[in-house]
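What follows is the residue order along each chain.
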Amino acid sequence: MVTGGGTRTVRTVLGDIAPADLGVCDAHDHLFLRSPRLPGQELDSPAAAAGELEAFRKAGGESVVQWTPHGMGRHAGLLPDLSRATGVRLVAATGLHQAVHYQQELLDRLRTDGLAALFVRELTEGIGESGVRAGLIKVAGGFHGLDAHARWTMTAAAEAHHATGAPIAVHLELGTGALDVLDLLCGECGVPPHRVILGHLNRSPDLTGHLQAAGSGAYLALDGPSRTHHATDWRMPDAMRSLADAGFGDRLLLGGDTTTAGAQSVHGGPGMPHLLRRVRPRLELAVGAELMEQILTVNPGRAFGVDWGPAAHRHVLH
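The sections below set out a description of the structure shown in this document.

Rules used throughout
Every chain is numbered on its own, with residues counted from 1 as its sequence reads. The predicted origin of the model limits local features to residues at a pLDDT of at least 70 and limits the giving and counting of side-chain atom pairs to 80 or more, whereas totals for whole chains, interfaces and linings rest on all residues. In computing side-chain values, all of the structure's heavy atoms are included and hydrogens and water are not. What counts as an axis is a line fitted to C-alpha atoms, over the stretch in contact for a helix, and the angles between N-to-C directions run from 0 to 180 degrees. Secondary structure counts use DSSP, requiring at least four H or I residues in a row for a helix and at least two E residues in a row for a strand, with both numbered from the N terminus. The scheme is simple: roughly parallel for angles under 35 degrees, roughly antiparallel for over 145, roughly perpendicular for 65 to 115, oblique for anything else. Left-handed describes a crossing whose near helix is turned anticlockwise from the far helix through less than a right angle; right-handed describes the clockwise counterpart. Contacts were defined at the residue level, with two residues in contact if any of their heavy atoms lie within 4.5 Å. For this scheme, ten residues count as nonpolar: Ala, Val, Leu, Ile, Met, Phe, Trp, Tyr, Cys and Pro. Four count as charged, namely Asp, Glu, Lys and Arg, and the remainder, Gly too, count as polar. Put simply, two rings from Phe, Tyr or Trp (the six-membered ring, in Trp's case) pair if the centres are within 6.5 Å, and we call them stacked under 30 degrees between planes, edge-to-face over 60, tilted for the rest. Remark: a charge is flagged as sitting over a ring if the NZ atom of Lys or the CZ atom of Arg is within 6 Å of the ring centre and within 35 degrees of the ring normal. When a carboxyl oxygen of Asp or Glu is within 4 Å of a side-chain nitrogen of Lys or Arg, the pair counts as a salt bridge. Each residue gets one of three labels from its accessible area relative to the maximum for its type: buried under 20%, exposed over 50%, partly exposed in between, using a 1.4 Å probe on protein chains only. The criterion is simple. A nonpolar core is a set of buried Ala, Val, Leu, Ile, Met, Phe, Trp, Tyr and Cys residues joined through side-chain atoms within 4.5 Å. A pair of strands counts as paired when DSSP detects no fewer than two bridges linking them. The criterion for a disulfide is a pair of cysteine sulfur atoms lying within 2.5 Å.

**Some words on the packing of helix α8 (residues 236-245) against helix α9 (residues 274-287)**
Part 1 of the argument: Two numbers describe how α8 lies on α9: the axes approach to 9 Å, and their chain directions differ by 40°. Considering their axes alone, α8 and α9 lie oblique with respect to each other. Crossing geometry of α8 relative to α9 is assigned as right-handed. Residues M236, P237, M240, R241 and A244 of α8 lie in contact with α9, whose contacting residues are R282, L283, A286 and V287.
Part 2 of the argument: Classifying every residue of the contact of α8 with α9 by side-chain character gives seven nonpolar, no polar and two charged.

**Regarding the packing of aromatic side chains**
Part 1 of the argument: As enumerated under the stated definition, the model contains zero aromatic pairs in all.
Part 2 of the argument: For the cation-ring pair, R11 lies above W308, with the distance from its terminal atom to the ring centre recorded as 4.0 Å.
Part 3 of the argument: Geometry around Y219 places R251 over its ring, the cationic atom sitting 4.1 Å from the centre.

**Section: the pattern of salt bridges**
A side chain with one charge can pair with a side chain of the opposite charge if their charged atoms come near.
Part 1 of the argument: Applying the stated criterion to the full structure yields 10 salt bridges.
Part 2 of the argument: We note a salt bridge from R251 to D250, for which the minimum N-O separation is 3.8 Å.
Part 3 of the argument: Classification of D250 as partly exposed rests on a relative accessible area of 30%.
Part 4 of the argument: Notably, a salt bridge pairs E284 with R280, separated by 3.3 Å at the nearest N-O pair. With E284 and R280 both in helix α9, this residue pair falls four residues apart, about one helical turn.
Part 5 of the argument: Each of R11, D16 and R133 takes part in salt bridges that share partners, so that together they form one network.

**Section: the nonpolar core**
Most often, soluble globular proteins keep nonpolar side chains buried together rather than apart.
Part 1 of the argument: Ranked by size, the top nonpolar core spans 82 residues in total, and within it V170, L198 and L254 carry the most contacts.
Part 2 of the argument: At eight residues, the largest contribution of residues to this core is made by helix α5 (residues 148-164).
Part 3 of the argument: In contact with L198, other than residues within four places in its own chain, are V170, L172, A178, V181, L182, A213, A218, Y219, L220 and A221.

**Looking at the environment of I197**
Part 1 of the argument: Its place among the elements puts I197 in strand β9 (residues 196-199).
Part 2 of the argument: For I197 and L252, which are 55 residues apart along the polypeptide, the C-alpha to C-alpha distance reads 9.3 Å.

**Re the sheet that holds strand β3 (residues 25-29)**
Part 1 of the argument: The strand order β3-β4-β5 describes an open sheet built from three strands, whose pairing is parallel. With partners counted over all chains shown, the strands left at the sheet margins are β3 and β5 (89-91), one partner each. Strand-to-strand twist across the sheet, computed as the mean angle between neighbouring axes with direction ignored, equals 20°.
Part 2 of the argument: Judged from the three bridges that link them, β3 and strand β4 (residues 63-66) form a sheet pairing that is parallel. Across the sheet, the residue bridging to C25 is S63, located in β4.

**Some thoughts on the state of the cysteines**
Part 1 of the argument: Per the stated rule, a full pass over the model turns up zero disulfides.
Part 2 of the argument: C189 supplies the cysteine sulfur nearest to C186, a cysteine that is in no disulfide, at a spacing of 9.0 Å.
Part 3 of the argument: On the accessibility criterion, C186 (19% relative accessible area) is buried.

**Considerations on unusual backbone geometry**
Part 1 of the argument: Here L174, not a glycine, exhibits a phi torsion of approximately 50°, which is positive.
Part 2 of the argument: Take L174: its relative accessible area is 40%, and that puts it in the partly exposed class.

Written out as structure tokens, the structure is:
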């Protein structure tokens, strides 16, 4: 891995900051998102994004990590002004989601141009012409397995990690396939487990699987708690308590994962403030206020902090 031997920082849309400066962090959410899988529910309104951030700020939030990857309507150029206007620190993502979210023409072009090179460029130079640099790589697995697309994107993510040190955040379909992801990223591709963030594990309340994933050293993101159609949401406090009791409280992250316009608080949904207004007090009953403070403030800085080093600004893959 490229490393400068310096201090770890979190790469926000306004520049690199000390991990401690993230403050209270929603470690997995979306301000902008567009997919053919969600017709009519696009997150593409700057006004709505500003309203969500303002509501999150009023609830005590200080930073948001947006996991929206390449080709899904990130609006990276709007993020700096949103951050300045609302006072909420924002982290953008590079990466690629499941194939179903893209037109085949885009995927063919990315295979020709080189996926790892794209990731590195967006991490070190900027996303498109925006000048905004990504702070993480987002990829996705499938339901209980990894198809050829997932293996391609994860292998490229690993290559980009080795060039920059950037963390790799993984969408686990309904919380499944975590061990397969770790086998590929950490086993075959040599990514250190503490540089991997596994998302949606609360959607598959398998304690044995959770403990195995946490035992690897990876971070576990329990996110999307406002998804009332997920029958497993009510088990999230028990899952968090079990992981904490096993000594993995320092591996846990919490996020809202707002993916549709109807779920935003500005449109009457729970939105970003729900994480702090309703979810945080409920989880404090399970694991205590001290650990919840660590999960919201300390763990995100560790998970997303990178020793970017000067080489991470120069290295371009071909």
